[in-house]
Amino acid sequence: MDKEQLVLKLFELGVLQFGQFTLKSGLSSPFYLDFRRIIAYPDTLRDISEQLWKLIEDLEFDHLCGVPYAALSLSSTMSMMHGKPMVIKRKEAKEHGTKKLVEGIFHQGQKCVVIDDVISSGISMIETLEAVEEAGLVVEHVIAIVDRMQGGVATLEKGGYQARSVYTIEEILEVLYKHNKLDKDAHDRTLEFIRYNQIGYDKLRLQRTAVPKLSYSTIKVNAVNNITKRLVDIMESKQTNLCVSADVNSKVELLKLADQVGPYICALKTHIDTVGDFDADLIVLLKNLSKKHNFLLFEDRKFADIGHIAMQQFTSPPLNIADWADLVTVHVVAGSSSIDALRSTGKLNNTGLIVVAQMSTEDTLTSRDYTKSALEIAQKHQDVVVGIVGQNKRPRDAGLMMLTPGISLSETGDAHGQVYNTPQEAFEERGIDIMIVGRGIYKAENPGAKAAEYRQIGWQSYLKRLGLA
Ligand code: 5BU
């Protein structure tokens, strides 16, 4: 069956429908393409799968993957007919077991062609592409039966994929019109609808990364934890969303740095176990400085062990973290039980937890699923959790803060995997709440002046995100 005959067949089978339809988005559309119907007509399923195959028969690739659900029958048919293995992308990760999003047998770096029935905005294709790529497959080509000509193909091409389709909607309209299946009015109305309903790359990107215009006062109102309220009060009164990471290795250096950057920060982050001459006196002096300049003490201890040990690491001498840290980081790799254990020390009235949900390194193992689970744990324990460390995924709940390291005005990375973004990008595009800056400030000739510069840029970027600057 040639392409033209196939259009007439699809029309006859009710796959190509014209009239008045309400789309998922609520928009009223003069046409609807229902390719799920073709599983009832195996001959047509085979014919359309053959047309799809023609789009890729000249390419070298290892696997086929259909976007669920409509394209699963297409990828299966192509796989059967041409002996090409397929993989399946789950709609949801399994609750138990492996939590894999992509099922099948494949190796890292193998090439996969992704198939959908229709490309409109490109969004469902992109969701599948992200999962397939995260699983380690490489995607260069994506194909579909129909390109609705609403911007999806351009979006995919901007993303670096070559998109091919058996038909454009315009070609389908021409065939149906020519064979008197569609009157001129329906033909023109459909074309007009397409012209006025473009979903461009920028609009899509905005929709997907819609940065919540969350203000610090909204966070404060929604916060369950009193330490969050204290932190927001400091941020608003000093107009700063800067946390300096004071990664220096002696008491003298640490105290000097804290005094220099103190006026410009909301929190001073330490790795107190890297201070060679640590003693109880250092804590007394740090506390004095935190009172003098009004900032929180944030120990980046990243507890990661079983609850029983995390409790000891939190409360034991010589560091006695629980007695002086206003904030402390915790990994939840051991599960929610780490937080329960820390809570059971009875020491979380004056110390808020920051859950590490995503790391800034280029080869981080904090996958999408891991981050999602970490955010859920943070949300569940909001009485003791102030926020999360993350890069671009913020908690759904408005009472939690998102703190972000890997920030620099001048560098893009270091020799050990660190990846930097600018404060502007982090606040305006990723919607972060607090930036954590280490070497960008303490390695500067004048750390105080540098901190002032970061503070100014960070605050302006926050106001810009709210539309106030
Ligand atoms: P830098 O000098 O700005 O690269 O320091 C970053 C700090 O943030 C450093 O203390 C790290 O321990 C900390 N950090 C990070 O860089 N990336 C992460 O994902 C996490 C913490 Br969690």
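Residues numbered from 1 in each chain as written. Predicted model: local features only at pLDDT ≥ 70, side-chain atom pairs only at ≥ 80, totals over all residues. Heavy atoms only, no water.

**Quick look at the side chain of Ser336**
Our working rule: In DSSP terms, a helix is any run of H or I states spanning at least four residues, a strand is any run of E spanning at least two, and both are numbered starting from the N terminus. Pairs of N or O atoms are called polar contacts if they sit within 3.5 Å, as long as, within protein, a hydrogen donor faces a hydrogen acceptor (for residues adjacent in sequence, only side-chain-to-side-chain pairs).
Topologically, Ser336 is positioned in the loop between strand E12 (327–331) and helix H15 (337–343). Of note is the side chain of Ser336, whose polar atom sits 2.8 Å from the side chain of His381.

**Points about helix H4 (residues 123–134)**
Which entries qualify depends on this criterion: Multiplying 1.5 Å by the residue count of a helix minus one yields the expected span of that helix. When a residue's accessible area, from a 1.4 Å probe over protein chains only, is under 20% of the maximum for its type it is buried; when over 50% it is exposed; and in between it is partly exposed.
For H4, built from 12 residues, the straight-helix expectation of 16 Å at 1.5 Å per residue is met to within 8% by its first-to-last C-alpha distance of 16 Å. Among the residues of H4, those classed as buried are Met125, Ile126, Thr128, Leu129, Ala131 and Val132. Note on H4: the residue one or two positions beyond its end, Gly136, has a positive phi of about 110 degrees.

**Considering the domain arrangement of the chain**
Quoted interface sizes are often the accessible area lost when the parts come together. Using the following cut-off: Start and end positions for the domains come from either an automated domain assignment or a database one.
Segmentation of the chain into domains returns domain 1 (3–208) and domain 2 (214–465). Distance from the C-alpha centre of domain 1 to the C-alpha centre of domain 2: 44 Å.

**Examining the site of the ligand**
Worth spelling out the cut-off: When we say a residue is near a molecule or strand, we mean one of its heavy atoms is within 4 Å of it. A 1.4 Å probe and the Shrake-Rupley method give the accessible areas. Residues count as covered only by the protein chains that appear here. Buried and open spaces are told apart on a 1 Å grid over the protein atoms alone, a cavity being a set of points where a 1.4 Å probe fits but cannot get out and a pocket being an open set with protein on both sides within 12 Å along at least five of seven lines. Residues with an atom within 4 Å of a point are the lining residues. Throughout, a molecule is located in a cavity or pocket provided that more than half of its atoms lie within 2 Å of its grid points. Ten residues, namely Ala, Val, Leu, Ile, Met, Phe, Trp, Tyr, Cys and Pro, are considered nonpolar, four, namely Asp, Glu, Lys and Arg, are considered charged, and the remaining ones, Gly among them, are considered polar.
In the neighbourhood of the ligand, 16 residues make up the surrounding shell, with Asp247, Lys269, Ser360, Tyr420 and Arg439 lying closest. With respect to the ligand, the backbone of Gly438 contributes an N or O atom lying 2.9 Å from an oxygen atom. Within the complex, 90% of the 500 Å² of free accessible area of the ligand lies under protein. A molecule is said to occupy a pocket when more than half its atoms come within 2 Å of that pocket's grid points, and by this definition the ligand occupies the second largest pocket. Taken together, the residues of the shell around the ligand break down into six nonpolar, five polar and five charged.

**Some words on unusual backbone geometry**
At the junction of Pro68 and Tyr69, the peptide bond is cis and its omega measures out at -10 degrees in the coordinates. Following the sequence through the fold, Tyr69 ends up in the loop between strand E3 (63–66) and helix H3 (72–82). A cis amide bond links Pro317 with the next residue in sequence, Pro318, at an omega value of 5 degrees. With respect to the element layout, Pro318 can be found in the loop between helix H13 (307–315) and helix H14 (321–324). Here Asn180, not a glycine, exhibits a phi torsion of approximately 60 degrees, which is positive.

**As for empty space enclosed by the protein**
Convention followed: Grid points are joined across faces, edges and corners, and a volume is the space filled by probe spheres set on the points.
For the structure shown, the criterion picks out one cavity of 30 Å³ or more. Space inside the largest cavity adds up to approximately 40 Å³. In this structure, the largest cavity is lined by Leu59, Glu60, Phe61, Lys111, Cys112, Val113, Val138, Val139, Glu140 and His141. Of the residues assigned to the lining of the largest cavity, the class counts are six nonpolar, one polar and three charged.

**Focus on the pairing of strand E4 (residues 86–89)**
Condition: The pairing criterion is simple: DSSP has to find at least two bridges between the two strands. Crossovers are marked right-handed if the path from the first strand over the helix to the second runs clockwise, as seen with the strands pointing away from the viewer.
Alternating residues of E4 divide into Val87 and Lys89, all buried, and Met86 and Ile88, none buried. Looking at chain direction, E3 and E4 are connected through three bridges and run parallel. Each bridged residue has a counterpart across the sheet, and for Cys65 the counterpart in E4 is Val87. Running through H3, the crossover from E3 to the neighbouring parallel element E4 is right-handed. Sheet topology places E4 next to strand E5 (residues 102–103); two bridges connect them, and they run antiparallel. Residue pairing across strands places Ile88 opposite Glu103, the latter belonging to E5.

**What about the pattern of salt bridges?**
Two side chains that carry opposite charge are able to pair once their charged atoms sit near each other. Counted only if it meets this: Between Lys or Arg on one side and Asp or Glu on the other, a salt bridge is scored when a side-chain nitrogen of the former is within 4 Å of a carboxyl oxygen of the latter.
One pass over the structure, following the stated rule, counts 28 salt bridges. With a closest N to O distance of 3.9 Å, Glu376 and Lys372 form a salt bridge. Here Glu376 pairs with Lys372, and both are found in helix H16 (residues 368–380), just four residues apart, close to one helical turn. Given a relative accessible area of 38%, Glu376 falls into the partly exposed group. Judged by relative accessible area, Lys372 falls into the exposed class, the value being 52%. Through salt bridges with shared partners, one network takes in Asp43, Arg46 and Asp47.

**What to know about the packing of aromatic side chains**
Rules: Centre distance within 6.5 Å is the pairing criterion for rings of Phe, Tyr and Trp, where only the six-membered ring of Trp is used; planes under 30 degrees apart are then read as stacked, over 60 as edge-to-face, and the remainder as tilted. Note on criteria: charge over ring means Lys NZ or Arg CZ within 6 Å of the ring centre, with the direction from the centre no more than 35 degrees off the ring normal.
If you walk through the whole model with that rule in mind, you get nine aromatic pairs. A centroid spacing of 3.9 Å and a plane angle of 15 degrees characterise the contact between Tyr216 and Tyr462, whose relative ring orientation is stacked. Taken together, the positions of Tyr216 in helix H9 (residues 216–222) and Tyr462 in helix H19 (residues 447–465) put the pair 246 residues apart, joining distant regions of the chain. Take Tyr216 and Tyr462: they sit in the same class, and that class is buried. By way of ring pairs, the aromatic residues Phe11, Phe18, Phe31 and Phe193 are connected into one cluster. Between the NZ or CZ atom of Lys84 and the centre of the ring of Phe61, over which it lies, the distance is 4.6 Å.

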